[in-house]
Amino acid sequence: MTIEAPLTVSGLKKIKNSVIGNPSIKRQCAQDEAFVQTLVQCLNSRPVLSEPQGSKDDVRVEAAHIIASLSYVGSEDALASLLRADALRALIFALAKLQPTDSPTLKAAFARALRALAASLADIVGPSQWGLAADSSAIRDEAKTSLDYLFHIDSMDVYLPLLADSSTQTSSSIALLIGSAVRTAEHRTSVTDWLPLEDRVKETKTKRGWEKTSATSTMLHRNGGWVVRNAARLLLETNEYKYQESLMLALAALSKDNGSVSAALSKPSPEHNCNAHGSLSTSMTDAYPAALWHILCMCKSKTTEVQLAACLCAIHIIRAPLHSSIDESAARTILSVVNRMISTPSTENLQNRRKACFTLYYLVNDEMFMSQIAFARGALERLTTLLKSITPLDLNEREEDEPEAVSALREAALTAVASMAMLDNDIRRAVTDEMKLLPVIEIALAHRHIGVRYSACQCIRSISRGIAVLRTNLVDTGLGMAVFEIFKKEDEDRRVLSAALSAVCNIVNDFSPLKPVFIQRGLIPRLIQLVECGDPTLRLSAVWAIKNALSKSLYNDKKEVLALIGGARLSSLLTDPVYGVQEQSLSLLRNICTDEQSIQLIFEWITVEFLLDIIVERIRSSDEDITLQAVSLLANLANGYSDEADILLTSSNVLPALQTCLSEPRAEIRRPAVGCILQLARTSSRARAGMLELGLESTLRHMTEWNGGGLTMTHGHAEAARDEEKLIVDEARHALEILDSSKSAGIAFTSV
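Below, the structure is looked at part by part. (Residues numbered from 1 in each chain as written. Predicted model: local features only at pLDDT ≥ 70, side-chain atom pairs only at ≥ 80, totals over all residues. Heavy atoms only, no water.)

Before going further, it helps to examine the overall build of the chain. Regarding its fold elements, the chain presents 45 helices and two strands. Looking at the 752 residues of the chain, the share that counts as buried comes to 54%. In the chain, the proportion of contacts linking residues at least 24 apart, taken out of those at least 6 apart, comes to 72%. Carbon and sulfur atoms provide 50% of the accessible area of the chain, an area that totals close to 33,000 Å². (Helix = DSSP H or I, 4+ residues; strand = E, 2+ residues; numbered from the N terminus. Buried < 20%, exposed > 50% of the residue type's maximum accessible area, 1.4 Å probe, protein only. Contact = heavy atoms within 4.5 Å. Areas by Shrake-Rupley, 256 points an atom, 1.4 Å probe, with all protein chains shown as cover.)

Time to look at the environment of A421. As for its placement among the helices and strands, A421 is situated in helix α23 (residues 404-421). Spatially, the C-alpha atom of A421 lies 7.7 Å from that of V431, the residues being 10 residues apart in sequence. Discounting chain neighbours no more than four positions away, the residues touching A421 are I427, R428, V431 and S462.

Another aspect to go through is the nonpolar core. Within the largest apolar cluster, 245 residues are counted, with the highest numbers of intra-cluster contacts made by L150 and L360. In terms of residue count, the dominant contributor to this core is helix α7 (residues 104-125) (13 residues). (Core = buried A, V, L, I, M, F, W, Y, C linked by side-chain atoms within 4.5 Å.)

Our next topic: helix α6 (residues 87-96). In terms of residue burial, α6 counts as a mostly covered element, since seven of its 10 residues are buried. Three or more residues of α6 are buried, namely A87, L88, A90, L91, I92, A94 and L95.

A word on the pattern of salt bridges. Where charged atoms of side chains with opposite charge meet at close range, the side chains can pair. Taken as a whole and assessed by the stated rule, the structure comprises 26 salt bridges. Among the salt bridges present, the one from R200 reaches D157, with a minimum N-O distance of 2.8 Å. Highlighted residues: R200 in helix α12 (residues 197-205) and D157 in helix α9 (residues 153-159), separated in sequence by 43 residues. Measuring nitrogen to oxygen at the nearest pair gives 3.6 Å for the salt bridge that ties E724 to R671. Here E724 is found in helix α45 (residues 715-744), whereas its partner R671 is found in helix α42 (residues 667-683), with 53 residues between them in sequence. Judged by relative accessible area, which is 27%, R671 ranks as partly exposed. Each of the salt bridges in this network shares a partner with another, and the network as a whole consists of E624, D625, R666 and E668. (Salt bridge = Lys/Arg side-chain N within 4 Å of Asp/Glu carboxyl O.)

Here you go:
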């Protein structure tokens, strides 16, 4: 497709009308590099002297509309053409050069095109907002570079002030840009920290480097920053449904995992509030602070899209870190809306039902209390009804005819089910026994849609966390073997494989009857293959699964697994840059070192000096979980042969590292440390001499003076913690008695 010169409004309108709603024409346009370049150049073209001002603006407006339409195409070819033409920079430059005399229509067209392009780039870069998106893209690096440029301060200086523009069309586009393009913590911080240039100048003048933050700076950053403050203000002032939706999506994106923004939106405001009917009021309320209260009011809007935006925004506010407390009343308000949408007849908008399922997921994900509230309010029943209504038993025989929207809805519903069941046994039992969802999950495991297979694997992962269910349903229904077959597929999507691997990791725990079956069918070689892959997530889960498979295993099984892993690979895992891999590798060795013979087996593959150096280094780690695994492994090694104890002292840093552990606040770390010291004191005169020389008896004596105080947790937890502390004190006292006896016997001090 070509553009005739000179550019005419009628010609561009004809092109615009032809591409709207026509993907094939859009692709043809996108493949015409000269066409796209010309469009982008139109944005900043100078007017021809004989051309009236209105006509010139109309050309630029129509060019912006076509660029926005091409951005929506969902084709990488179109985005690639726009990236090569540097469309993002051209749009920002065009916005920066607008004059007060330029028409509001032109400004709104530029803002809309920028929003469309930014949203499409964010979809390429990720993470996805509503389910799985394409995992790989040939233009991902270029898209990421452009997206980072969008959130550079120079770019934000151009478009963020337009959030407060007098035109709601322009302001709404900027709000939607924030809501769709802010996906990462880095970009979120960039937007919330941003201040207009004049405010930054004012802040600089009132603060020098050596002074404390000034009152002026504090005022400028109050209430979550300029963007949050103005978005909240505009939300309280407008009654336009589309505008409300865009502003709440922006606030949702900025408050996600952002405690400071959540706190700002939860503070009472003397300027605005809303009454019980959702209208503005100047009076305050004790029920909810102004912004959050108003957002919850919008959950009862007459417009479905506004309801969804309000629910999502409220969820991110109440689920953000540092939020004062879990807001049960707000959760119930959200659930009443989400449950109703999930239950709507199939003739309703499938996209809205899909978003309702994902909104429920955001509410309950990794939060047991929220999951229990949702379960009590009937969310699982509604999800079950929905899933059964769109998943006939013969689906896999005719799934080619299934619309994409139905597959996406099934993915969303299964994702919500998996999240609800992740942390609660009663919900897991309801999924398998009361709702009888396992046949639906089994069908979903074989579905062609990647997102459906992924969410089905997540459901099995959640269910497999329950012991009783593992022993019956996953075995009897064959779902355990079905997910194992997905795990073994080498051409499976990386994310589906990761979810299946997580399920297998749970299934091969020591109590699982499927563990020996999996091992017999090639579990360990496949796990080692995944250990070698370049994906850190898969590597971590694979090491975790090997660790679980070795729990309470026989000596010959350990020997075979170590032979498959090899000393070089084991050493590499222990020094892996990913903390989680370090932790699980140490835990893997713990599961091997459960008896004297197995401890000797370890030293056939890695040297004592290397392992001790690793253990000491990991004990000193800033990650407490790594410290716990390292000191626990050392305690297991100390329980070997009596002549093995002296081997552990070949490193002069072992005893000082153990002494450091005795001052750790976590009892889980002090317990194996004092147990290791006790075992070494029992079995090695060299260890006893080293402890006395180090002054370890003074540390142990201090530990024995604990009187049971200092525990401020709930009664049940306090009792368990008190019992744990008593065991630690008893072992410390026993070790101290051994050292005192050695000292009295006059054992000579020798250096370790």
